Amino acid sequence: MQPVNFRNLFLCLFVAVSASSNAQNKLPQLGKNSVHDIVDAMTPEEKASLVVGTGLRMAGNNAPVIGDADGRVPGAAGNTFSIERFNIPGSVLADGPAGVRIDPFQKGDSSKSYYATAFPVGTLLASSWDTTLIKKVGAAFGNEIREYGIDVILGPGMNIHRNPLNGRNFEYYSEDPVVTGYMASAMVQGIQSNGVGTSIKHFAANNQETKRGVINAIISERALREIYLRGFEIAVKNAQPWTVMSSYNKINGTYTSQSKDLLTDILRSEWGFKGIVMTDWYGGRDAIAQMKAGNDLIEPGGKNKTQAIVDAVKNGTLDILDLNKNVERILNYLLKTPSFQHYKYSNEPDLKAHAAISRNAATESMVLLKNEHDVLPLKKAARLALFGNGSYETIMGGTGSGEVNTAYAVSINQGLLKAGFKVLDNLKEVYTAYIQQDKAAHPKKPGLTVGAPHVTPEYKIDADLIAKSADEADFAIFTISRNAGEGTDRKIAADFNLSDTEKVVIENIASAFHVKGKRLIVVLNIGGAIETASWRNNADAILLAWQPGLEAGNAVADLLGGIVNPSGKLATTFPVKYEDDPSAKNFPGYGGKSDEVVYEEGIYVGYRYYNSFGVKPAFPFGYGLSYTTFSYSNLKLSSPGFSRAIKAMVTITNTGNVPGKEVVQLYLSAPQGKLDKPSEELKAFAKTALLKPGTSQTITFTLSSKDLASFNTTQSAWIADAGNYVVKIGASSQDIKQSKSFTLPKEMIVEKVNRALVPQAPINELKIADAKLRR
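In this text, all values refer to a predicted model and were calculated from it rather than measured experimentally. (Residues numbered from 1 in each chain as written. Predicted model: local features only at pLDDT ≥ 70, side-chain atom pairs only at ≥ 80, totals over all residues. Heavy atoms only, no water.)

## Here's the deal with the overall build of the protein chain
Stage number 1. The helix and strand inventory of the protein chain stands at 23 helices and 28 strands.
Stage number 2. Taking 28 Å as the expected radius of gyration for a compact globule of 775 residues, we find that the protein chain reaches 28 Å, a close match to that expectation.
Stage number 3. Once the C-alpha set of the protein chain is aligned to its principal axes, its extents read approximately 115 × 70 × 55 Å.
Stage number 4. A separation threshold of at least 6 residues defines the contact pool for the protein chain, and within that pool the share at least 24 residues apart is 79%. (Helix = DSSP H or I, 4+ residues; strand = E, 2+ residues; numbered from the N terminus. Rg over C-alpha atoms; globule rule 2.2 N^0.38 Å. Contact = heavy atoms within 4.5 Å.)

## Comments concerning the packing of helix 17 (residues 463-472) against helix 19 (residues 500-514)
Stage number 1. The contact between helix 17 and helix 19 brings their axes to 9 Å, and the two run at 35 degrees. The two elements helix 17 and helix 19 meet at a crossing, and its hand is right-handed. Of helix 19, the residues touching helix 17 (which contributes A463, I466, A467, S469 and A470) are N508, I509, A512 and F513. (Axes fitted to C-alpha atoms, helices over the stretch in contact; angles between N-to-C directions. Left-handed = near helix turned anticlockwise from the far one by under 90°.)

## Details of the confidence of the model for the protein chain
Stage number 1. Taken as a whole, the protein chain shows an average pLDDT of 94; of its residues, 94% reach a score of 70 or greater.
Stage number 2. Predicted confidence is poor over residues 6-22, with pLDDT under 50, and the contacts of this stretch with residues over four places away or in other chains come to zero contacts.
Stage number 3. This stretch, residues 58-68, has a pLDDT under 50; its non-local contacts, to residues over four places away or in other chains, come to 16 contacts. (pLDDT = per-residue confidence, 0-100.)

## A few points about the pairing of strand 20 (residues 645-654)
Each regular strand carries side chains that alternate between the two faces of the sheet.
Stage number 1. Across the 10 residues of strand 20, seven count as buried, placing the element largely inside the fold.
Stage number 2. For strand 19 (residues 630-637) and strand 20, the ladder comprises six bridges, and the chain directions are antiparallel. Along strand 20, the bridge assignment pairs S633 with T651.
Stage number 3. Two strands pair when backbone bridges link them, and strand 20 and strand 23 (residues 696-704) are joined in this way by nine bridges, in the antiparallel orientation. Looking across to strand 23, one finds that A648 is bridged to F701. (Buried < 20%, exposed > 50% of the residue type's maximum accessible area, 1.4 Å probe, protein only. Pairing = 2+ DSSP bridges.)

## Focus: the pairing of strand 12 (residues 367-371)
Stage number 1. Most of strand 12 sits inside the fold, with five of its five residues counted as buried.
Stage number 2. Note: strand 12 against strand 17 (residues 541-544), four bridges, orientation antiparallel. By the bridge assignment for strand 17, V367 is matched with L544.

## Here's the deal with the sheet that holds strand 20
Stage number 1. Strand order across the open sheet formed by three strands is 19-20-23, with antiparallel pairing between neighbours. Each of the sheet's edge strands pairs with one partner strand only, and the pair in question is strand 19 and strand 23. Neighbour-to-neighbour, the strand axes of the sheet open up by a mean angle of 20 degrees, direction not taken into account.

## Quick look at helix 16 (residues 425-441)
Stage number 1. With 17 residues, helix 16 extends 25 Å between its outermost C-alpha atoms, agreeing within 8% with the 24 Å of an ideal straight helix rising 1.5 Å per residue.
Stage number 2. Looking only at helix 16, the buried set comprises L427, Y431, Y434, I435 and D438. For helix 16, the angular spread of the buried residues around the axis is 95 degrees, confining them to a single face. In this structure, helix 16 carries D425, E429, Q437 and A440 as exposed residues pointing more than 90 degrees from its buried face.
Stage number 3. Buried residues along helix 16 sit in contact with strand 13 (383-387), helix 14 (389-392) and helix 17. (Expected span 1.5 Å × (residues − 1). Arc of directions from axis to C-beta.)

## Notes on the sheet that holds strand 10 (residues 254-255)
Stage number 1. Reading across from one edge, 10-9-7-18 is the order of the four strands in this open sheet, with mixed pairing throughout. On the outer flanks of this sheet lie strand 10 and strand 18 (596-598), each paired with one strand and no other.
Stage number 2. As defined by bridge partners, strand 7 (residues 216-218) adjoins strand 18 across three bridges and the pair is classed as parallel. If you follow I218 over to strand 18, its bridge partner there is V598.

## Notes on the side chain of E680
Stage number 1. Summarising the element assignment, E680 is placed in the loop between strand 21 (663-669) and strand 22 (681-687).
Stage number 2. Engagement of the side chain of E680 in a polar contact is seen with the side chain of N611, the distance being 3.0 Å.
Stage number 3. A polar contact of 2.5 Å, which involves the side chain of E680, links it to the side chain of S679.
Stage number 4. Once residues within four sequence positions are removed from consideration, E680 is found in contact with Y607, R608, N611, Y667, L668, S669 and K728. (Polar contact = N/O pair within 3.5 Å; in protein donor to acceptor, adjacent residues only side chain to side chain.)

## A word on unusual backbone geometry
When glycine is set aside, most residues are seen to have a negative phi, and most peptide bonds are trans.
Stage number 1. Omega for the bond connecting E299 with P300 falls within 30 degrees of zero, at 0 degrees, which places this linkage in the cis form.
Stage number 2. Following the sequence through the fold, P300 ends up in the loop between helix 10 (287-293) and helix 11 (303-315).
Stage number 3. Cis geometry is found at the peptide bond from F587 to P588, where omega equals 0 degrees.
Stage number 4. Locating P588 in the fold gives a position in the loop between helix 20 (552-560) and strand 18.
Stage number 5. Despite not being glycine, H342 has its phi angle at roughly 55 degrees, a positive value.
Stage number 6. Locating H342 in the fold gives a position in the loop between helix 12 (320-335) and helix 13 (351-365).
Stage number 7. Assessed through its relative accessible area of 60%, H342 is described here as exposed.
Stage number 8. The backbone phi angle of H373 is positive, close to 60 degrees, even though this residue is not glycine.

## Notes on the packing of helix 5 (residues 131-147) against helix 6 (residues 177-192)
Stage number 1. The N-to-C vectors of helix 5 and helix 6 enclose an angle of 40 degrees; their axes lie 6 Å apart at closest approach. Our classification of the angle between helix 5 and helix 6 gives oblique. Here helix 5 and helix 6 pass one another in a crossing that is right-handed. Along the contact surface, helix 5 presents T131, I134, K135, V137, G138, A139, F141, G142 and I145, while helix 6 presents Y182, M183, A186, M187, Q189, G190 and I191. (Parallel < 35°, antiparallel > 145°, perpendicular 65-115°, else oblique.)

## Section: the nonpolar core
Stage number 1. Of all hydrophobic cores here, the largest spans 86 residues; its most connected members are V100, I150, V179, F203, Y228, L229 and L682.
Stage number 2. Ranked by the residues each element gives to this core, the list is headed by helix 6, at eight residues.
Stage number 3. Those residues in contact with I150 that lie beyond four places of it in its chain are V73, V92, A94, V100, I102, I145, V196 and P338.
Stage number 4. Membership of the second largest hydrophobic core comes to 71 residues, among which are L124, L378, A476 and A510. (Core = buried A, V, L, I, M, F, W, Y, C linked by side-chain atoms within 4.5 Å.)

## Focus on the side chain of S185
Stage number 1. With respect to the helices and strands, S185 occurs in helix 6.
Stage number 2. Ignoring anything within four residues of it in the chain, the contact list for S185 reads I234, A235, N238 and A239.

This is how it looks when you write it as structure tokens:
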């Protein structure tokens, strides 16, 4: 046996290690070499791992997944893989639209909290009609995203309020795509100003939770283009979100995450989207089809998806060039992330400052629906009797991925007490005992709530206690609360409509207080529209607080006490009864096929239907009261005829006695040409500055050719018909203050687009001509 020559062995090992190191050093590195070079150097397995998430961490199993973002943000919704040899980092994705949703305590350490700010829900923010305000909220939100080590927040939600029973309407902005698009643009711009990303969702037509994973939404090309895609188009073109999340549902027979029409032809080719598309969690069915369609990232991912993609590349069913495009887009996304930049996040965002921003946003957005006899604002000396579970357990936001773990939540009772009002103690004792008993019987489960959340049934307070309270208090406040969330839709009975107990209680309170000449104020702490017509005469004032975030009670007190003058307006219609909604007959799908829903109302969604067909709502789109009054005057158009654009200028004057803000809405009536058209459509809006009594502000709007156009399916084009157009400036969709006309001398083809998302069969859509009810 020859003796071992350790010197030679060492030299061999040194040469081998050096060779390996040199080879490693010669590999292209993200940030130093082109993305194309890196993709060329990657194996199919590495490429597949990059387009598939790291898998879902199940409760009780928080061990890091090999190759993920190190499990550094417990409670985050998902991650992408890292590949160290190319300097490719993993990235962190977290819920949700109303605030960062991560674990409030991490890794068994109860000494350090990771709470976040619950901002007002999307429906409330949209009621502000104030894009500057929303951008400010987004900037605060984005700071928390960055300081908690997150790269992308999974929001904002942008789906249309097609039907009031959608369980996630609270996350979404409006029934109107213009409001939706510009609100989302402002939120995206605010968040992304922090160097973190957004994921606008759910693209597209995810307008119900019932059977959301399989439902086939049958929608005409025109309704898609004008209603369900238009808001996304505005947000993409104005704000360029880093990511878009495809939805669970099918559109006209194809899962959205598998639709090349939607994700490539429309989103990228037509709108110029630059970022990546990811699935909703477990969305779609076919990983290969998703890659081909342009859905770059499959979340939460799993080994089976990765292997399916590798196998498809090897057997030729997935072109490597298609996969390369997906990988390149993900690498370009990663270059922008804090993870790639090795940002040293603090885990200490300024929650106090952000709470103040949340409170301000809530006060600027709440809607005063009724104020007879100038009941509001209340004087501080007023003695208040607070009724309703929601007065003591105020709901700050919905459940599911939109839920936020906060350090506190201010109830209406707490907010009024803090503001200096006198509140009857005996009612608090009764209600809190009842609520605590119900909570003990229905303990909240840890983690994500998917499905109908438990809401404590309204307490049936004794009539004698109501009468006693009427003797002791100056005013009654009754809070009606609702909650909903991911995975289930709302119901008509005891949800959209009041419960039997609520009906009795509100009548008893009104009777007891009115007989003594005292007033009842109703606060609506809700996430979506409810029925109001049957009981609103019992109330002297109604404040729509929506779900206002963690500073809920303080914000309500600011408005009830007159610290802030209400300036919110409805971004969604409140119907007189559920059956009045144009989609009520087919929501969430009652056809021959149980997994289909046909959008038979077509473009007539929300106010487009109510105004065009003469159906009176309880409260119309765009409606909201103030503690002051405003006049509209001097509407001028820049030209009597349209060329490339036209300006409309109008003067708003505060004619009341207190400072206030007014939301100014521009609607446009188009000539009836080849297409059936709504009586008017919102095209622009603005909110004035805080106007002192007697002062004025001139608002200028600019209309483009796209604002005049409707989508002509036959020609696959946006076309503006020749004829007379009427500019209507209003305080709501049914309160038009000023109008002027201009003409378009000849038909204008504004934009030719791809023929895409074609229904598999004709749709019998609602038309004004058929109803013969056009005003």
